[in-house]
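Each chain is listed here by its residues.
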Amino acid sequence: MNLENSATQTTDTRRKPMGMLSVRVLALLFVVFLAAPAVLGEFWVEVATEILILGLFAMSFNLIYGYMGQISFGHAAFFGLGAYATAMLFREFTGGTEEISYLQFFVSLAAGIPLAAFGALLVGYFCIRLTGIYFAILTLAFGELLFFVVFSWYSFTGGDDGIQRLLPPPLFRDPVMYYYLCFVIVIAAMAVMWRIVHSPFGYLLRAMRDNQERTRFLGINTRIYMLINFVIAGSFAGLAGALWGPFTRSVAPTLLGWQESGIAVFMTLLGGSAFFAGPMVGSIIYTFLHAWVTGFTQYWPLTIGAIILIIVLFSPGGLLGAIDAWRRIRTRQGSSGVADNTLVKEEPDS
Amino acid sequence: MSSNMSDKKWDSVLRSMDRREFIRTSVGAGLAMFAPRFASAQSGKPYKLGLLLPVTGTGANYADGAIKAVMNATAEINSRGGFLGKHLIEVNYRDTHTKPDVAAREARDVINRENVQTVVGTYSSACAMAIQEIIHEQKILHLAATSNSSKIVNENYTPYTYQFCPNSRMQSGSVVVAVAEMIKKNGWKSYATIGQDYEWGRQTQSGFVEALGKASSSVELKKELWFKLGETQFASYISALMAAKPDFVYGAIAGKDNRTFIQQAKAQGMFKRISYPGGLISVTELQQQRKSIPRGMIGLARAPFFAHLDQPLMQKYIKMHRAKHGEDAYPTDWAVMHYDAIYGLEQAINKAGSIATEAIKTALKGATIDTCRGRATFRDCNNQLNIPAGYVGAVKDHPDYPFPIYDLDTMIIVKAEDVWVPTCGDVQKLQKKRA
């Protein structure tokens, strides 16, 4: 069976492949992000850094939601584990003095990935046995469990205090330099993610998403592939978490909480889960709006709640979904209604 | 004023202190925020203040009074032309949601976007420590007026943070002084503790246990219970405490959880069987639970207005507060501490003759300032203000107030010097080097 065709023939607008749109959006974002520090002040450079880190986090979540078709409400646990792994190595290296070498800094950042991957392996081992709402609830339960462990284990994690003094080495204390560090790492991570979702493994994920039972009947051990994807998603979330600690100079258990997981869900819905670039676009909308709205009102939760409501009701495919629908209408109008299939054939799967 | 004031009237007082009032105050402050932009050319540049407190999360119960205090104090100073008579104060408020990562983000926001020169806040100690990382790096003053983990001035010390409330070590030490007397008097042999499972709760409980061990070595700790912030069902905890049959229970509980715990413990009859001395019973609890709070219960307050009615600044503040919020309204502990922070800042600016951050920081170092709680001096080695460490007293009705206060005849006020880290040498051993 041709999995690519199977995936491309779905009629659900949320599942339609939109590779070319993602490529165009990513190319545009690359240029914008590259040039951003030249035109933005320090505050907005920090907002842009936040966009990149949380965008990576949301993209990692979308490997589970958009590509595998399962929703995780505990994904922040891996973001938090990555952040804590980096923070604890920082603490070991600096001995509380705030002096860290460049090598130690990069080793600390790298440590976030294996710890988060290990956490994802443990959690995933149990979660992949279930699908749908049961999968979601189990991820939530494990997420809260890990949150509680970090929150309560004072002697090891610092409890609710978290860990402070995560000052990067001198060069990266400059917000612009830290921004470019995140930019390079996030671009590299996205390139790896792109390769993964466009590999046979990626198409297998889509097949499982569209019809897991049929995929199993083909002789594929879906659990193994779900677990592998869960671990990959957890690793990228861990990388995002690792970048977050030195950015805010501290970590706290709330990074592992369900509310943080909710941010990844929001971002993905805002941008469009059917698109590779969707979560990053969602991160831009969410983070920029947050920075803008909190400048003049304390009612941020009300604002984002209203936006999510509008998106879910009127554009369930997110912003990129709306853009794509508009493009399709225009194309159809321009070619007497025969363009729909042409479009699908022209655009590789996202 | 009569103590048997009608409920209707009192409810109207409480209503005047709800979030609607806060919103109105915020709008007023917002207008005040823009006023400096239209000030005459002769006035100096505005002084920008960042206010980070939660209006959501467990700390919201206390932050309301604190926000009002800052708005009222800044409005009063602005009516005199601002700091030094020419620098009008702009207040930039952000909600920390009682979450450290949000607090750090909002601190960055007000510093880098609004260019604030001083950050006031916040409620949770974990949030305060996250903020400390940002303000230290950016060289911005930080006035901590509610968050009181002793780590803020010791382990996590930065010369840019000034502590206007008694820290957790001082607070638990003050309870120990009072409880040690009761142990002697009542012949108590054992006790149990219950606390919020977060930085402040842990610090306060461990400080109490450690100090009580030294003050009364014969008394045995039978049980320690911890619960998550925001707990709403205490039945199992209360049953466990009663089953342990201690002579007394010490609670390290603050905020909305404190109110819930007291109500549920009373309903289960815990206070009839076990003494509960030294739990946090601030003016907020006394006002909000004016009917239900057990009379005779021994509580701890941080800055109760009724303990310092002789102080000119307290008199001025109460007058201002009642004028703004109604004759029957009195400032909470949290409001008093924030009011002191703003006037402490003003005194430092007057002393420095400048609004430059480094000049103010230097002026505050070791400074003696007037506060609602009397004249007090910042400790040189960690910027802890030597205001009273704690007020321990029995809840009692008073004819002058529409809510109970502490029995003023038996209330114990513990001096800071009696219970804080004994010497500056000891403090410096705790402090870690910063870049």
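Residues numbered from 1 in each chain as written. Chains lettered and ligands numbered in written order. Predicted model: local features only at pLDDT ≥ 70, side-chain atom pairs only at ≥ 80, totals over all residues. Heavy atoms only, no water.

To continue, consider the overall build of chain A. Scanning chain A for helices and strands turns up 17 helices and zero strands. For chain A, the proportion of its 350 residues judged to be buried stands at 58%. In chain A, the proportion of contacts linking residues at least 24 apart, taken out of those at least 6 apart, comes to 79%. In the form shown here, chain A has an accessible surface area of approximately 14300 Å², with 70% of it arising from carbon and sulfur atoms. (Helix = DSSP H or I, 4+ residues; strand = E, 2+ residues; numbered from the N terminus. Buried < 20%, exposed > 50% of the residue type's maximum accessible area, 1.4 Å probe, protein only. Contact = heavy atoms within 4.5 Å. Areas by Shrake-Rupley, 256 points an atom, 1.4 Å probe, with all protein chains shown as cover.)

Within chain B one finds 16 helices and 15 strands. Within chain B, the fraction of its 435 residues that count as buried is 64%. Once local pairs closer than 6 in sequence are excluded, the contacts in chain B between residues at least 24 apart make up 71%. As presented, chain B carries roughly 15300 Å² of accessible surface, and 51% of it is formed by carbon and sulfur atoms.

Here we come to the state of the cysteines. Residues and elements named next belong to chain B. Across all of its chains, the model carries one disulfide over all chains by this definition. Disulfide pairing is shown between Cys 381 and Cys 424; the S-S distance is 2.1 Å. With the S-S dihedral at roughly -75 degrees, the linkage between Cys 381 and Cys 424 falls on the left-handed side. Pair noted here: Cys 381 is in the loop between β12 (374-377) and β13 (390-396) and Cys 424 is in helix α16 (residues 424-430), with a separation of 43 residues, a long-range link. A relative accessible area of 28% places Cys 424 in the partly exposed class. (Disulfide = S-S within 2.5 Å.)

Let's shift gears to the confidence of the model for chain B. Low pLDDT means the predicted coordinates in that region are not meant to be read closely. Put simply, chain B has an average pLDDT of 87, and 90% of its residues get 70 or more. Taken together, the stretch residues 12-17 of chain B has pLDDT below 50 and engages in twelve contacts with residues farther than four places along the chain or on a different chain. (pLDDT = per-residue confidence, 0-100.)

A few words on the packing of aromatic side chains. Tallying each qualifying case throughout the model produces 51 aromatic pairs over all chains. Note on Phe106(A) and Phe172(A): the rings are 5.9 Å apart at their centroids and 85 degrees apart in plane angle, and the pair reads as edge-to-face. Of this pair, Phe106(A) sits in helix α5 (residues 102-127) while Phe172(A) is found in helix α8 (residues 170-173), placing the two residues 66 residues apart along the sequence. On the basis of an interplanar angle of 45 degrees and a centroid distance of 4.5 Å, the ring pair of Tyr339(B) and Tyr343(B) is categorised as tilted. Linking Tyr339(B) with Tyr343(B), this pair stays in helix α13 (residues 333-352), spanning four residues, or about one helical turn. (Phe/Tyr/Trp six-rings, centres within 6.5 Å; stacked < 30°, edge-to-face > 60°.)

Between chain B and chain A, the residue contacts involve 37 residues of the former and 38 residues of the latter. Around 3300 Å² of area is buried between chain B and chain A when both sides are counted, 49% of it from carbon and sulfur atoms. For chain B, the biggest contributors to the area lost against chain A are Arg105(B), Arg108(B) and Arg113(B); these three give 19% of the whole. At the boundary of chain B and chain A, one finds 13 residue pairs in polar contact (both at pLDDT 80 or more). Listing elements by their share of the side of chain B that touches chain A, those giving two or more residues are α2 (19-34), β2 (89-95), α4 (100-112), α5 (125-138) and α7 (199-215) of chain B. A total of eight residues in the side of chain B that touches chain A trace back to one element, the largest contributor, which is α4(B). Among the residues forming the side of chain B that touches chain A, the class breakdown is 13 nonpolar, four polar and 20 charged. (Buried area = accessible area lost by both parts, 1.4 Å probe. Polar contact = N/O pair within 3.5 Å; in protein donor to acceptor, adjacent residues only side chain to side chain. Nonpolar A, V, L, I, M, F, W, Y, C, P; charged D, E, K, R; others polar.)

Let's shift gears to the pairing of strand β11 (residues 368-371) of chain B. All names here are of chain B. Only one face of β11 is buried, namely the one carrying Ile 369 and Thr 371, since none of Thr 368 and Asp 370 on the opposite face is buried. The pairing of β11 with β12 spans four bridges and is antiparallel. Each bridged residue has a counterpart across the sheet, and for Thr 371 the counterpart in β12 is Gly 374. Hairpin remark: β11 followed by β12, antiparallel, with two residues in the connecting loop. (Pairing = 2+ DSSP bridges.)

Residues and elements named next belong to chain A. Residues Phe 30, Val 31, Leu 34 and Ile 187 make up a contiguous nonpolar surface patch of about 320 Å² in total accessible area. The element that contributes the greatest number of residues to the nonpolar patch is helix α2 (residues 19-39), accounting for three residues. Mapping Leu 34 onto the fold places it in helix α2. (Patch = residues over 30% accessible without salt bridge, like charges linked within 9 Å, V, L, I, M, F, W, Y side chains within 5 Å. Salt bridge = Lys/Arg side-chain N within 4 Å of Asp/Glu carboxyl O.)

The next point concerns the sheet that holds strand β3 (residues 118-121) of chain B. Residues and elements named next belong to chain B. In spatial order, the strands read β2-β1-β3-β4-β5; together these five strands make up an open sheet with parallel pairing. The sheet terminates laterally at β2 and β5 (161-163), the two strands that pair on one side only. Sheet twist, expressed as the average angle between the axes of neighbouring strands with direction ignored, equals 20 degrees. Of the strand pairs in this sheet, strand β1 (residues 47-53) and β3 are connected by four bridges, and their pairing is parallel. By the bridge assignment for β3, Leu 49 is matched with Thr 118. Of the strands in this sheet, β1, β2 and β3 touch α4, which is tilted by about 155 degrees from β2. Those strands touched by α5 are β1, β3, β4 (141-144) and β5, and its axis lies near 165 degrees from that of β4. (Axes fitted to C-alpha atoms, helices over the stretch in contact; angles between N-to-C directions.)

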